[in-house]
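Close look at the chain arrangement
Okay, here's what each chain looks like letter by letter:
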Amino acid sequence: MGPSAIDLEIRSMSLDMGGTIDLLQKFLQFILFLLSTRKNFELANSYLALFLSVHADQIASEQVLVNILEQIKEMQELAWINLKTTLDKNLCMVSYLKSVT
């Protein structure tokens, strides 16, 4: 799908357009799954950003959706910690190699 088709699909999940809370929940679980696989991180975050901007009011009113978002936040924090650790190791290696030569 192209960007405009993805945008349309995410917007069509709205309760006003025939979507359900269950559908919104399934989408957030999909994002959580993408983040847990540690693949397509940028894709998951771009989908999530659009989803949050479109459905923020509906999410805030449903505790089930808020709970899944909290899990997503924890998963993103873990991913960032792993990335930061890897970057720190690489920076240390580069610094060492610079000092040796």
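All values derive from a computational prediction rather than experimental measurement.

Thoughts on helix α4 (residues 63-100)
- Taking 1.5 Å per residue as the helical rise, α4 with its 38 residues ought to reach 56 Å, and the 56 Å between its terminal C-alpha atoms agrees with that figure.
- Within α4, the full set of buried residues consists of Leu65, Ile68, Leu69, Ile72 and Ala79.

A word on the environment of Leu91
- Topologically, Leu91 is positioned in helix α4.
- Once the C-alpha coordinates of Leu91 and Ile72 are considered, the two residues, 19 residues apart in sequence, prove to be 28 Å apart.

A few points about the environment of Arg38
- Mapped onto the elements of the fold, Arg38 is located in the loop between α2 (21-37) and α3 (41-60).
- A C-alpha to C-alpha distance of 7.5 Å links Arg38 and Ala79, two positions 41 residues apart in sequence.

Topic: unusual backbone geometry
- For Arg38, which is not a glycine, the phi torsion comes out positive at approximately 60 degrees.
- Here Arg38 falls in the exposed class, since its relative accessible area comes to 57%.
- Here Asn40, not a glycine, exhibits a phi torsion of approximately 55 degrees, which is positive.
- Within the secondary structure, Asn40 is located in the loop between α2 and α3.

Re the packing of aromatic side chains
- A complete count under the given rule lists 2 aromatic pairs for this structure.
- Consider the rings of Phe27 and Phe30, whose centres lie 6.1 Å apart with planes at 50 degrees: the pair is tilted. Taken as a pair, Phe27 and Phe30 lie in helix α2 at a separation of 3 residues, close to a single helical turn.
- For Phe27, a relative accessible area of 10% translates into the label buried.
- By relative accessible area, Phe30 is classed as partly exposed at 36%.
- For the pair Phe27 and Phe51, a centre-to-centre distance of 4.8 Å together with 25 degrees between the ring planes defines the contact as stacked. Residue Phe27 is found in helix α2, and its partner Phe51 is found in helix α3; the two are separated by 24 residues along the sequence. The burial state of Phe27 is the same as that of Phe51; both residues are buried.
- Every member of this aromatic cluster is reached through a ring pair, and the members are Phe27, Phe30 and Phe51.

What counts, and at which threshold
Residues numbered from 1 in each chain as written. Predicted model: local features only at pLDDT ≥ 70, side-chain atom pairs only at ≥ 80, totals over all residues. Heavy atoms only, no water. Helix = DSSP H or I, 4+ residues; strand = E, 2+ residues; numbered from the N terminus. Expected span 1.5 Å × (residues − 1). Buried < 20%, exposed > 50% of the residue type's maximum accessible area, 1.4 Å probe, protein only. Phe/Tyr/Trp six-rings, centres within 6.5 Å; stacked < 30°, edge-to-face > 60°.

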